[in-house]
Amino acid sequence: MASAWRPCLILALLSGLAASGFPRIPSRPLGKRSLPEGVVNGIEVYSTKISCKVTSRFAHNVVTTRAVNRADTAKEVSFDVELPKTAFITNFTLTIDGVTYPGNVKEKEVAKKQYEKAVSQGKTAGLVKASGRKLEKFTVSVNVAAGSKVTFELTYEELLKRHKGKYEMFLKVQPKQLVKHFEIEADIYEPQGISSLDAEASFITNDLLGSALTKSFSGKKGRVSFKPSMDQQRSCPTCTDSLINGDFIITYDVNRESPANVQIVNGYFVHFFAPQGLPVVPKSVVFVIDVSGSMHGRKMEQTKDALLKILEDMKQEDYLNFILFSGDVTTWKDNLVQATPENIEEARTFVKNIHDRGMTNINDALLRAISMLNKAREEHRVPERSTSIVIMLTDGDANVGESRPEKIQENVRNAIGGKFPLYNLGFGNNLNYNFLESMALENHGLARRIYEDSDANVQLQGFYEEVANPLLTGVEVEYPENAIQDLTQNAYHHFYDGSEIVVAGRLLDEDMNNFKADVKGHGATNDLTFTEEVTPEKVTLWNGAAQSTFSWLDTVTISQDGLSVTINRKKNMVVSFGDGVTFVVILHQVWKKHPVHQDFLGFYVVDSHRMSAQTHGLLGQFFHPFDFEVSDIHPGSDPTKPDATMVVKYHRLTVTRGSQKDYRKDVSVGTKVACWFVHNNGEGLIDGVHSDYIIPELF
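Residues numbered from 1 in each chain as written. Predicted model: local features only at pLDDT ≥ 70, side-chain atom pairs only at ≥ 80, totals over all residues. Heavy atoms only, no water.

Enquirer: Any chance you could break down the packing of helix H4 (residues 298-313) against helix H9 (residues 456-467) for me, citing the residues and the numbers?
Expert: Where H4 meets H9, the closest approach of the two axes is 8 Å, and the angle between their N-to-C directions is 35 degrees. The handedness of the crossing between H4 and H9 is right-handed. Together, Gln302, Thr303, Asp305, Ala306, Lys309, Ile310 and Asp313 of H4 and Ala456, Asn457, Leu460, Gln461 and Tyr464 of H9 make up the contact between the two elements. Per-class residue counts for the contact of H4 with H9 are five nonpolar, four polar and three charged. (Axes fitted to C-alpha atoms, helices over the stretch in contact; angles between N-to-C directions. Helix = DSSP H or I, 4+ residues; strand = E, 2+ residues; numbered from the N terminus. Left-handed = near helix turned anticlockwise from the far one by under 90°. Contact = heavy atoms within 4.5 Å. Nonpolar A, V, L, I, M, F, W, Y, C, P; charged D, E, K, R; others polar.)

In structure tokens form, the structure reads like this:
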């Protein structure tokens, strides 16, 4: 019955499919088998494909896994799926023997209740749970009859964030068995142009990866394809289990001719801002470190290792201090000190001698740090053009002093007063991470979980590197009043090197000819304003009654029924059809304050000889050669422009020598071409009179 297969879910991604309750098979030599290779417990996963389409940092991903039950009896099959925590699902389906059962995507609380109800009724259901550092895990099980096929398809989307100068697409791959057709393909399209593109896998050596991986980029397009054969998937040359079990990461960046880029589609806009080459703003940072008894052992040693490495990276213009908390609160220095070589060396000695002890007093430690930063600012102990940051690391919950999370949040919020950010690092799982995250977010910071692992010190260092180089403070993105609505966050305390600010919104008037976007911020030496002029003139394409609207800020290609239309951002529109017939419409932009001239469109024809002999019109009548003769060249009214006599179409005309720009090869400047100008609106040269070719409007 169809009702028995109605799944519900909330968040998810790929990774693989495995027979339910079937343990991972240890490596074993190849031997004689009655079933096809790749069959585990009667189930063959014969195809797994991850298809990623990225446009302007927005990733649309489709994960498809196909399997067949080759056993003689029905089998329960579990699909284990892992999804980036920043992604969201837009579609999920199961197809069994050609019948598709769509999933219902629900909010977390609703999904949890429906999941429990569905399971109690024996229905197919799935729910997402946290899975590691960057992922959440979704699992759904289905009962597949002998000989039946099942297809699992998940569609999810994600806005890729810029991290340390790169956009990152993180895929967890874990098919758990050899797959006949396994493929990851990513097509990336960035209107600004792609400057770099790379891919790496945690589960395979670079030599083996290179034989199965292809990657390329040119201009605005990039492509990555990972397609290992079954032999390349083996954990050893004679093994039947798969080595594909880990992370596949694609990174790229875009060209940046200017700090900002605004893209407009169908009345909506997205504004990307990532300036480069700015001097770093000095920072005052207080490290608030949990030294309670639970930090004993490896966690404390890893924390100290990370702090020592961070001290190496401190700039001499920075100021710092350490606050340690357990049952009480102690400080390294009474006030902030400059990161001079002498002070850094003294700080290293202090860090090496940190020892764990006692309880956990989060409230007093944070208030001490905030007071220290406020005092340094009020007493002018730090540069006026500097910024303040609190970074707290803890592995547990407050259990001495003020221990109520809501009261601690209130105290911290009142003390900071919105003046600087708080970053909370939660070490391990035995803590109230929601409390740390909520407190950080309401103070313009963020929280990060540090996982108890051998690389915990690297995780700590990695976080510090993200906030080590502020380039701007007090960043505000401004748009014309009464022109924009549904605006996302447009004010930020900091812009850090290697990151990106993204603001999106909707134009109130889709017919608006232009608007200005200003990004203002405080730099290391002066206040800065970055202005982006946005000119969303429309380009509308009709297909019968249907229409698609773009602007000259877009870069897009549309092909249908032998017709291809390509818009190249701020440059031209190329229309091609038939056997290579191509028209180019160029947007000629002039100085915006010119008293007379305005932006105009130039219409050009490429390979006009391919046009029919019956082609006509103001331009079409000249697509094919015709006879003419120029003679009697003599001085004209302008000494620099001689006149002549042209005989054409049985008419004798007076023409004047001049020049015109040809923009076919150089669309920005053009090439000067000598030509003859015909007077009187082309009378005698064109068929009929010029008014025959003028219409009151195009549409």
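Having put the structure on the table, let's press on.
Enquirer: Now, about the sheet that holds strand S13 (residues 162-163): what can you tell me, with residues and values included?
Expert: Strands sit in the order S13-S14-S19-S16 across an open sheet of four strands; the sheet is antiparallel. The outermost strands of the open sheet, each flanked by one partner alone, are S13 and strand S16 (194-201). Pairing geometry for S13 and strand S14 (residues 166-173), over two bridges, is antiparallel. What sits directly across from arginine 162, in S14, is tyrosine 167. (Pairing = 2+ DSSP bridges.)

Enquirer: An account of helix H5 (residues 341-352) is requested, with residue identities and associated values reported.
Expert: One turn of an α-helix holds 3.6 residues; hence residues three or four places apart share an orientation. For H5, with twelve residues, the first-to-last C-alpha span of 17 Å sits near the 16 Å given by 1.5 Å per residue. Taken residue by residue, H5 has Asn343, Ile344, Ala347, Arg348 and Val351 as its buried positions. The buried residues of H5 occupy one face: seen down the axis, they fall within an arc of 145 degrees. Lining the buried residues of H5 we find H4, strand S23 (319-325) and strand S25 (337-338). (Expected span 1.5 Å × (residues − 1). Buried < 20%, exposed > 50% of the residue type's maximum accessible area, 1.4 Å probe, protein only. Arc of directions from axis to C-beta.)

Enquirer: Break down the pattern of salt bridges for me, citing the residues and quoting the values.
Expert: Oppositely charged side chains are able to pair whenever their charged atoms sit close together. Inspection of the entire model under this criterion finds 30 salt bridges. Measuring nitrogen to oxygen at the nearest pair gives 3.0 Å for the salt bridge that ties arginine 57 to glutamate 500. Residue arginine 57 is found in the loop between strand S4 (43-55) and strand S5 (58-69), and its partner glutamate 500 is found in the loop between strand S31 (491-496) and strand S32 (501-507); the two are separated by 443 residues along the sequence. Across the salt bridge formed by arginine 404 and glutamate 402, the nearest N and O atoms sit 2.9 Å from each other. On the accessibility criterion, arginine 404 (44% relative accessible area) is partly exposed. It is possible to trace a salt-bridge network through shared partners that takes in Arg57, Arg162, Glu190, Asp253, Arg256 and Glu500. (Salt bridge = Lys/Arg side-chain N within 4 Å of Asp/Glu carboxyl O.)

Enquirer: Tell me about the environment of valine 150, residues and numbers included.
Expert: Summarising the element assignment, valine 150 is placed in strand S12 (residues 149-159). When the C-alpha atoms of valine 150 and valine 68 are compared, they prove to be 6.3 Å apart, with 82 residues separating the residues in sequence. Among residues more than four places away in sequence, those in contact with valine 150 are Thr65, Arg66, Ala67, Phe79, Leu94, Thr95, Ile96, Val142 and Val144.

Enquirer: So what's going on with the state of the cysteines? Which residues, and what values?
Expert: Working definition: the covalent bond between the sulfur atoms of two cysteines is a disulfide. Scanning the model with the defined rule gives one disulfide in all. Between the sulfur of cysteine 236 and that of cysteine 239 lies a disulfide, 1.8 Å long from S to S. What sets the handedness of the cysteine 236 and cysteine 239 disulfide is the S-S torsion sign, and at about 90 degrees it is right-handed. (Disulfide = S-S within 2.5 Å.)

Enquirer: Kindly report on the pairing of strand S21 (residues 268-273), identifying the contributing residues and their values.
Expert: Two strands pair when backbone bridges link them, and strand S20 (residues 260-265) and S21 are joined in this way by six bridges, in the antiparallel orientation. Pairing of valine 265 across the sheet is with tyrosine 268, part of S21. Here S20 folds back onto S21, and the loop between the two strands holds two residues, one of which, asparagine 266, carries a positive phi near 50 degrees. Bridging between S21 and S32 involves six bridges; their strand directions are antiparallel. Residue pairing in the sheet places histidine 271 in a bridge with valine 503 of S32.

Enquirer: For the nonpolar core, give the residues involved together with the corresponding values.
Expert: Membership of the largest hydrophobic core comes to 52 residues, with the highest contact counts inside it found for Phe203, Phe226, Phe248 and Ile250. Contacts of phenylalanine 248, omitting those with residues within four sequence positions, involve Met169, Phe170, Leu171, Ile184, Ala199, Glu200, Ala201, Phe203, Leu209, Leu213, Val224 and Phe226. Counting residues in each nonpolar core, the second largest holds 36 residues, with Ile289, Val291, Ala468 and Tyr496 among its members. (Core = buried A, V, L, I, M, F, W, Y, C linked by side-chain atoms within 4.5 Å.)

Enquirer: So what about the environment of threonine 656? Which residues, and what values?
Expert: Within the fold, threonine 656 resides in strand S44 (residues 651-662). The spatial distance from the C-alpha of threonine 656 to the C-alpha of lysine 641 is 6.4 Å, given a sequence separation of 15 residues. Residues contacting threonine 656, with those up to four places away along its chain left out, are Lys641, Pro642, Asp643, Cys675, Trp676, Phe677 and His679. Of note is the side chain of threonine 656, whose polar atom sits 2.7 Å from the side chain of histidine 679. (Polar contact = N/O pair within 3.5 Å; in protein donor to acceptor, adjacent residues only side chain to side chain.)

Enquirer: Describe the packing of aromatic side chains, naming the residues involved and giving the relevant values.
Expert: For the coordinates displayed, the defined rule picks out 16 aromatic pairs. Consider the rings of tryptophan 332 and phenylalanine 350, whose centres lie 6.2 Å apart with planes at 35 degrees: the pair is tilted. Of this pair, tryptophan 332 sits in the loop between strand S24 (329-331) and S25 while phenylalanine 350 is found in helix H5, placing the two residues 18 residues apart along the sequence. Judged by relative accessible area, tryptophan 332 falls into the buried class, the value being 12%. Taken together, the ring pairs in this structure connect Phe287, Phe322, Trp332, Phe350 and Tyr464 into an aromatic cluster. Looking at lysine 299, its charged tip hangs above the ring of phenylalanine 427, at a distance of 5.9 Å from the centre. Residue placement shows arginine 657 over the ring face of tryptophan 676; its charged tip is 4.7 Å from the ring centre. (Phe/Tyr/Trp six-rings, centres within 6.5 Å; stacked < 30°, edge-to-face > 60°. Lys NZ or Arg CZ within 6 Å of the ring centre and 35° of its normal.)

Enquirer: Before we move on, can you summarise unusual backbone geometry with the specific residues and values?
Expert: Excluding glycine, residues mostly have negative phi values, and the peptide bonds linking residues are mostly trans. For aspartate 97, which is not glycine, the phi torsion reads 50 degrees and is therefore positive. Among the structural elements, aspartate 97 can be located in the loop between strand S7 (88-96) and strand S8 (99-102). Of the residues examined, aspartate 97 reaches a relative accessible area of 49% and is grouped as partly exposed. One non-glycine residue, asparagine 681, lies in the positive phi region at around 55 degrees.

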